[in-house]
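# Coordinates in review
These are the residues of each chain, in order.
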Amino acid sequence: ELFVQYLAAYSYKHGKGKEKNALTYSDLSHTAEECETFQFLADILPKKILASKYLKMLEKEKQDGDVGEEDEEDEEEEDEDE
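In this report, we go over the structure that sits alongside the text. All values derive from a computational prediction rather than experimental measurement.

### Comments concerning the environment of Lys-18
- If you trace the backbone, Lys-18 turns up in helix α2 (residues 17-20).
- The contact partners of Lys-18, leaving out residues within four places of it in the chain, are Tyr-12 and Lys-13.

### Some details on the nonpolar core
- Ranked by size, the top nonpolar core spans 7 residues in total: Leu-7, Leu-28, Ala-32, Cys-35, Phe-38, Leu-41 and Leu-45.
- Those residues in contact with Ala-32 that sit more than four places away from it in its chain are Phe-38, Gln-39, Leu-41, Ala-42 and Leu-45.

### Digging into the layout of surface pockets
- Size it by volume and the largest pocket reaches roughly 190 Å³.
- Taken together, His-14, Gly-15, Lys-16, Tyr-25, Ser-26, Asp-27, Ser-29, His-30, Lys-47 and Lys-48 form the lining of the largest pocket.
- Ranked by residues supplied to the lining of the largest pocket, first place goes to helix α3 (residues 25-34) with 5 residues.
- Its residues assigned to classes, the lining of the largest pocket comprises 1 nonpolar, 5 polar and 4 charged.

Procedures and definitions
Residues numbered from 1 in each chain as written. Predicted model: local features only at pLDDT ≥ 70, side-chain atom pairs only at ≥ 80, totals over all residues. Heavy atoms only, no water. Helix = DSSP H or I, 4+ residues; strand = E, 2+ residues; numbered from the N terminus. Contact = heavy atoms within 4.5 Å. Core = buried A, V, L, I, M, F, W, Y, C linked by side-chain atoms within 4.5 Å. Buried < 20%, exposed > 50% of the residue type's maximum accessible area, 1.4 Å probe, protein only. 1 Å grid on protein atoms, 1.4 Å probe; cavity = no way out; pocket = protein on both sides within 12 Å on 5 of 7 lines; lining within 4 Å. Points joined across faces, edges and corners; volume = space filled by probe spheres on them. Nonpolar A, V, L, I, M, F, W, Y, C, P; charged D, E, K, R; others polar.

This is how it looks when you write it as structure tokens:
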């Protein structure tokens, strides 16, 4: 309980919560990414992104992964030829 209270108070003080008089998810996620004490929460409290941006990121990763796989296949074929 004390940990959650500390996280909430820290996020409120260092986030935009003071302006709105409320604690938001973005305040918590910003704290998890920026504060060294709460870095272990970065995977649990990721920043929100739009679905369209996420889909673009997945597509880019897929393309990058395909390029890496093609390079590996080319190397294997060269090894077999030798």
